[in-house]
Amino acid sequence: MGNHSSEMLYGKGLLYEYTLILTGELSSFSSIYFGSKSVDNVGFAKFVFRKAIEVFLHWTPEEAQVKLNEDIITRMKLDRVMNYLNLPPDIERNHNWGQVVAYLYPEILHLHETEMVVDTYEAVLAGQENGGLYKFPKHYFDGQTGRKRGHICLRYLIEHNCVFENIRDMYKFFASEAGVRLINEKGLKLVLRDVFHSPVLYLHESLPEDMKDEFWYHYYEFHYQYKKEKLFREKNLKKLEEKTKL
């Protein structure tokens, strides 16, 4: 059931319960709204947040983006539905309240996806010992959204670590051991292994359309796969020879 349908059917009752929770007459929401019996946990959570902003705080989305903070979340008892918002991992990690508000009002405000992904990637590069992250959030690179995050990370890596004379040199580098090593050393080893499987494909997908070169992509992808297959066969042959010696 879509968010708008859920709000039309359940909105008045949910707003009434939220009002009782704010006044202290009710301690928690009914299970029909939040939990395993709910028909729309996310939609109801967004509804409560928006009503808190619009009805009780009398803020516009733009004002809420500036004024919302953790203290207000607690005072407005929004922490009770926070976990049901299903926030994107970049927002959930940062608890950036301006981004939370943008998530609530996508038709009015805009989330800056590239900035959020870069923030998360920089936290991974910094490492947990420096106040960053040990690794990317779970399922961060799943699906098409995850693939796009991978593209953003690789473009960041190139911008901050590489200088190329031309497009061919870029494809050539990422087809080499040095290119793979750079990807691995800069926190994207599992992205390469589990999502893209080839550094040349990873590069090609990540480049802006006006920089992609189909000829050099296929040329260096063939070379990469050929070297990979050759190395695989040599390792297997060596193992076989070692077994025959025993």
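Residues numbered from 1 in each chain as written. Predicted model: local features only at pLDDT ≥ 70, side-chain atom pairs only at ≥ 80, totals over all residues. Heavy atoms only, no water.

J.: I would appreciate a short explanation of the side chain of Thr 120 in the present structure.
T.: As for its position among the elements, Thr 120 is in helix 7 (residues 113–126). For Thr 120, a relative accessible area of 0% puts it in the buried group. Beyond its immediate chain neighbours, meaning those up to four positions away, Thr 120 contacts Asp 90, Arg 93, Leu 133, Phe 136, Pro 137 and Tyr 140. (Helix = DSSP H or I, 4+ residues; strand = E, 2+ residues; numbered from the N terminus. Buried < 20%, exposed > 50% of the residue type's maximum accessible area, 1.4 Å probe, protein only. Contact = heavy atoms within 4.5 Å.)

J.: Before we go on, may I ask you to explain the packing of aromatic side chains in this structure?
T.: The geometry of an aromatic ring pair comes down to the distance between the two centres and the angle between the two planes. A complete count under the given rule lists 21 aromatic pairs for this structure. Arranged with centres 6.0 Å apart and planes meeting at 20 degrees, the rings of Tyr 121 and Phe 136 form a pair that is stacked. In this pair, Tyr 121 is assigned in helix 7 and Phe 136 in the loop between helix 7 and helix 8 (143–161), connecting sequence segments 15 residues apart. When sorted by exposure, Tyr 121 lands in the same class as Phe 136, which is buried. Geometrically, the ring pair formed by Tyr 219 and Tyr 220 is edge-to-face, given 4.9 Å between the ring centres and 85 degrees between the ring planes. You can call Tyr 219 partly exposed: its relative accessible area is 33%. Overall, the relative accessible area of 7% leaves Tyr 220 in the buried class. (Phe/Tyr/Trp six-rings, centres within 6.5 Å; stacked < 30°, edge-to-face > 60°.)

J.: Could you clarify how one ought to interpret the environment of Asn 86 in this entry?
T.: By the element assignment, Asn 86 lies in the loop between helix 4 (70–75) and helix 5 (89–94). Accessibility expressed as a relative area gives 56% for Asn 86, which makes it exposed. With 45 residues separating them along the chain, Asn 86 and Asn 41 place their C-alpha atoms 8.9 Å apart. When sequence neighbours within four positions are dropped, the list of residues in contact with Asn 86 reads Val 42 and Tyr 103.

J.: What is the right way to read the environment of Lys 67 from this model?
T.: Among the structural elements, Lys 67 can be located in helix 3 (residues 61–67). Residue Lys 67 is classed as partly exposed on the basis of its relative accessible area of 39%. Excluding residues that lie within four positions of it along the chain, Lys 67 makes contacts with Trp 59 and Ile 72.

J.: I keep staring at the pattern of salt bridges and nothing clicks. Help me out?
T.: Opposite charge on two side chains permits them to pair, given that their charged atoms come into close proximity. Applying the stated rule across the entire model yields seven salt bridges. Lys 148 is the salt-bridge partner of Glu 113, the closest N and O atoms lying 3.5 Å from each other. Residue Glu 113 is found in helix 7, and its partner Lys 148 is found in helix 8; the two are separated by 35 residues along the sequence. Its relative accessible area of 28% is what places Glu 113 among the partly exposed residues. Two residues, Glu 205 and Arg 147, come together in a salt bridge whose shortest N-O distance is 2.9 Å. With Glu 205 in helix 11 (residues 199–206) and Arg 147 in helix 8, the pair connects residues that are 58 residues apart, well separated along the chain. Taking the relative accessible area as the measure of exposure, Glu 205 reaches 22% and is therefore partly exposed. (Salt bridge = Lys/Arg side-chain N within 4 Å of Asp/Glu carboxyl O.)

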